[in-house]
Amino acid sequence: MNTKELNDKYLLPTYARANVEFVSGNNATLEDLNGKKYIDFTSGIGVCSVGHANARVNEVLCSQLSKITHTSNLYNIAPQAKAAQKIVEASGYDMQCFFGNSGAEANEGAIKIARKWGGLDENGNDGEVKRYKIITLRHSFHGRTITTVKATGQESMHNYFGPFPDGFVYADNISHIEDLLDEHTCAVMIELVQGEGGVEPQDKDEVKALEKLLKDKGVLFIVDEVQTGGYRTGEFLASNVYDISPDIVTLAKGVGGGIPVGIVMTSLKGVLSAGDHGSTFGGNYLSSSAVCEVLEILNGLKSEGKLQDTIEYFNTKLEIFYMSNQKFFTSKVGIGLMCGLRVLDAQTLTNIINNAREAGVMVLKAGRNTLRFLPPLTITKEEIDEGFKALNSAMSRV
Ligand SMILES: *Cc1c(COP(=O)(O)O)cnc(C)c1O
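Residues numbered from 1 in each chain as written. Predicted model: local features only at pLDDT ≥ 70, side-chain atom pairs only at ≥ 80, totals over all residues. Heavy atoms only, no water.

**Concerning the domain arrangement of the chain**
The parts lose accessible area when they come together, and the size of an interface is often stated as this lost area. How we decide: Domain extents, as shown, originate in an automatic or database domain assignment. Throughout, a residue-residue contact means that at least one pair of heavy atoms, one from each residue, lies within 4.5 Å. Buried area, as used here, totals the accessible surface that two parts lose on assembly, with accessibility defined by a 1.4 Å probe and the loss added over both. Each salt bridge in this description consists of a side-chain nitrogen of Lys or Arg and a carboxyl oxygen of Asp or Glu lying within 4 Å of one another.
Per the domain assignment, the segments making up the chain are domain 1 (3-54 + 305-395) and domain 2 (68-303). For domain 1 and domain 2, the distance between their C-alpha centres works out to 27 Å. The interface is formed by 29 residues belonging to domain 1 together with 27 residues belonging to domain 2. Here domain 1 meets domain 2 over a buried area of about 2200 Å², counting both sides, of which 64% is carbon and sulfur. Sorting the residues of domain 1 by area buried against domain 2 places Leu307, Ile335 and Met338 first, and these three jointly supply 27% of that buried surface. Put simply, domain 1 and domain 2 have two salt bridges between them.

**A look at helix α3 (residues 55-65)**
Using the following cut-off: Each residue is assigned to one of three classes by its accessible area relative to the maximum for its type, calculated with a 1.4 Å probe on protein chains only: buried under 20%, partly exposed between the two thresholds, exposed over 50%. Each helix corresponds to a stretch of at least 4 residues labelled H or I by DSSP, and each strand to a stretch of at least 2 residues labelled E; elements are numbered beginning at the N terminus. Note that the arc is defined by the directions from the helix axis to the C-beta atoms. Two N or O atoms form a polar contact when they lie within 3.5 Å of each other; inside protein one atom must be a possible hydrogen donor and the other a possible acceptor, and for residues adjacent in sequence the pair counts only when both atoms belong to side chains.
Turning to α3, its buried residues number three or more, namely Val57, Leu61 and Gln64. In a view along the axis of α3, the buried residues occupy a sector of 65 degrees, so they form one face of it. Residues of α3 that are exposed and point over 90 degrees away from its buried face: Ala55, Glu59 and Cys62. Contacts from the buried residues of α3 go to α4 (78-91) and α10 (285-303). You can read the cap of α3 off the contacts: a side-chain oxygen lies 3.0 Å from the backbone nitrogen of arginine 56, and it is on asparagine 54.

**Details of the side chain of threonine 42**
The topology assignment puts threonine 42 in the loop between β3 (37-40) and α2 (43-46). Take threonine 42: its relative accessible area is 11%, and that puts it in the buried class. Among the polar contacts made by the side chain of threonine 42, one reaches the side chain of aspartate 40 at a distance of 2.6 Å. The contacts of threonine 42, once residues within four sequence positions are left out, are Met362, Val363, Leu364 and Leu374.

**Remarks on the site of the ligand**
How we decide: We call a residue near a molecule or strand whenever a single non-hydrogen atom of that residue lies within 4 Å of it. All accessibility values rest on the Shrake-Rupley procedure with a 1.4 Å probe; residue burial counts only the protein chains present in the view.
Residues in close proximity to the ligand include Ser102, Gly103, Ala104, Asn107, Phe141, His142, Gly143, Glu191, Asp224, Val226, Gln227 and Lys253, which together make up its full environment. Measuring from an oxygen atom of the ligand, one finds a backbone N or O atom of glycine 103 at 2.8 Å. Here the ligand, which alone exposes 380 Å², has 82% of that area covered by the protein. Per element, the largest residue contribution to the shell around the ligand is three residues, and it comes from helix α5 (residues 103-118).

**A closer look at the packing of aromatic side chains**
Our working definition: When two rings of Phe, Tyr or Trp (its six-membered ring) have centres within 6.5 Å they constitute a pair, described as stacked for plane angles under 30 degrees, edge-to-face for angles over 60, and tilted for the intermediate range. Each ring is checked for a lysine NZ or an arginine CZ that lies within 6 Å of its centre and within 35 degrees of its normal; such an atom marks a charge sitting over the ring.
Enumeration according to the criterion identifies 12 aromatic pairs in this entry. Here the aromatic rings of tyrosine 231 and phenylalanine 236 are separated by 5.4 Å at their centres, their planes lie at 65 degrees, and the arrangement is edge-to-face. We note that tyrosine 231, like phenylalanine 236, is buried. Through pairs of rings, three or more aromatic residues link up here, namely Phe41, Phe314, Phe321, Phe328, Phe329, Phe373 and Phe388. Above the face of the tryptophan 117 ring, arginine 131 is positioned so that its terminal group lies 4.4 Å from the ring centre.

**A short note on the packing of helix α12 (residues 346-359) against helix α13 (residues 381-395)**
Convention followed: Here an angle of 0 to 180 degrees is reported between the N-to-C directions of two axes, which are lines fitted to C-alpha atoms, with helices fitted over the stretch in contact. Each angle gets one of four labels, with under 35 degrees taken as roughly parallel, over 145 as roughly antiparallel, 65 to 115 as roughly perpendicular, and the rest as oblique. In a left-handed crossing the near helix is turned counterclockwise from the far helix by less than a right angle, and in a right-handed crossing that turn is clockwise. In this classification, Asp, Glu, Lys and Arg are treated as charged, Ala, Val, Leu, Ile, Met, Phe, Trp, Tyr, Cys and Pro as nonpolar, and every other residue, Gly included, as polar.
Where α12 contacts α13, the axes come no closer than 8 Å and their chain directions differ by 125 degrees. When the axes of α12 and α13 are compared, the pair comes out oblique. The element α12 and its partner α13 pack so that their crossing is right-handed. On the side of α12, the interface is formed by Ile352, Asn355, Ala356 and Ala359, while α13 contributes Ala390, Leu391, Ser393, Ala394 and Met395. By residue class, the composition of the contact of α12 with α13 is seven nonpolar, two polar and no charged.

**Describing the pairing of strand β10 (residues 220-224)**
Each regular strand carries side chains that alternate between the two faces of the sheet. To keep it simple, the criterion reads: Two strands qualify as a pair provided DSSP detects at least 2 bridges between them.
For β10, a buried count of five out of five residues is recorded, marking the element as mostly surrounded by other parts of the structure. Because side chains alternate across β10, one face comprises the buried residues Leu220, Ile222 and Asp224, and the other comprises Phe221 and Val223, equally buried. Across four bridges, strand β7 (residues 185-190) lies against β10 in parallel orientation. Considered in β10, the bridge of alanine 187 is made with leucine 220. As judged from the three bridges shared by β10 and strand β11 (residues 248-251), these two strands associate in the parallel manner. In the strand pairing of β11, aspartate 224 is matched with threonine 250.

**What to know about the pattern of salt bridges**
Under the defined criterion, the tally for this structure stands at 16 salt bridges. Of the charged contacts in the structure, one is a salt bridge between lysine 133 and aspartate 182, with a shortest N-O distance of 2.7 Å. With a gap of 49 residues between them, lysine 133 in strand β5 (residues 133-137) and aspartate 182 in the loop between α7 (177-180) and β7 connect regions that are remote in the sequence. Notably, a salt bridge pairs lysine 215 with glutamate 211, separated by 3.7 Å at the nearest N-O pair. Of this pair, lysine 215 and glutamate 211 are both found in helix α8 (residues 204-217), four residues apart, which corresponds to roughly one turn of the helix. Judged by relative accessible area, which is 13%, glutamate 211 ranks as buried.

**Some words on the nonpolar core**
Stated formally: The term nonpolar core refers to a set of buried residues drawn from Ala, Val, Leu, Ile, Met, Phe, Trp, Tyr and Cys, joined through side-chain atoms within 4.5 Å.
By size, the foremost hydrophobic cluster in this structure holds 58 residues, and its most contacted members are Phe41, Ile87, Phe314, Phe329, Leu371, Phe373 and Phe388. Sorting elements by how many residues they give to this core places α10 first, with eight residues. In this structure, this core is formed jointly by two domains, domain 1 (3-54 + 305-395) and domain 2 (68-303), each of which donates at least three residues. When near neighbours in sequence (up to four residues on either side) are disregarded, leucine 371 contacts Phe329, Cys339, Gly340, Leu341, Val343, Leu349, Ile352, Ile353, Val363 and Leu364. Counting 24 residues, the second-largest nonpolar core is a separate cluster that includes Ile135, Ile177, Leu210 and Val223.

**Focus: the packing of helix α11 (residues 306-323) against α13**
Running from N to C, α11 and α13 point in directions that differ by 15 degrees, and their axes come no closer than 10 Å. The pairing of α11 with α13 is recorded here as roughly parallel in orientation. Where α11 crosses over α13, the two elements pack in a sense that is right-handed. Along the contact surface, α11 presents Thr310, Tyr313, Phe314, Lys317, Leu318 and Phe321, while α13 presents Lys381, Ile384, Asp385, Phe388, Leu391, Asn392 and Met395. Partitioning the contact of α11 with α13 into residue classes produces eight nonpolar, two polar and three charged.

Structure follows, in structure tokens:
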């Protein structure tokens, strides 16, 4: 049986997969079973931040695997401690980290910290009023576990799986949040640039005003940086771009470069104590040594100015592509290397993505009408040129 046949027989049908099978990659270039090459403007949905088959990461991983892979969190783990140091230092915040394995798990951790904090009074004893409500935004995406899917502000994802945990409230937009705050609210959780919802950057002044409002009201500010974190926006965190100081930040996708990892970091260092939270796999030698090397590479790209060059080059090419295909697109959106073009209608968007794949370039859908670009942060100018060449040729057949 080929892979498609094996899928159909043995895998639950939870994904609408394109029938393409990659066998190898090199930076932003993928190769399929038939030897056909593709430019990857998706990074496996923002994960392969340092490209495919990154030699530096692979060398670190192979060397780590030849020594030790996993011991559990009952013992000290040197690369986990180093990865935490690197993350905290890159963020510029006075925080501590917890390591899990996915974005949803990172958000679960954030929710647990906020809920425990919300049950305590200012002396750390059981509070009189339990603050448990968490306000999130419509069109947000926070994960697929029972709790994080309920935190996700998309009613269409709340079918079948109830009863869900209580306490999630959805604001139509940032200015609507104030109306929903009450004595039971412990936190607001947002993406600064909505990813799955359709590459939707929030307004900077509104975010700053929200930060102030939450500080004044004593409500925690959680920023879900699962997609934006790890330099995707040009800074280590989108929170750095927006110049805010959240109480809790979550990370995953790009910081492991393809090795599963999820991190919740917070300035509320004393809230969780031993036994409150945990993960068997989280932060083991394999994933945390990947994080260390990925951050080494990305810190270098950032400090040498190469990341900024790539962002400018990619966005110039995207602008040209947008201008020369105006009949399909209504606007160009995004920040850094998290970019999108709004497409006239959902069918045209599907056609573009399928034609692009045929033409040798992988692009993504976000929300109902956004063509999304999340290229590796290490993509070369040649790869960018080749990708847009393929994309242009795809448009003539849409
Ligand atoms: C992808 C994503 C998640 C979920 O991450 P998983 O690793 O799939 O659990 C959560 N929040 C945001 C903003 C995401 O983009």
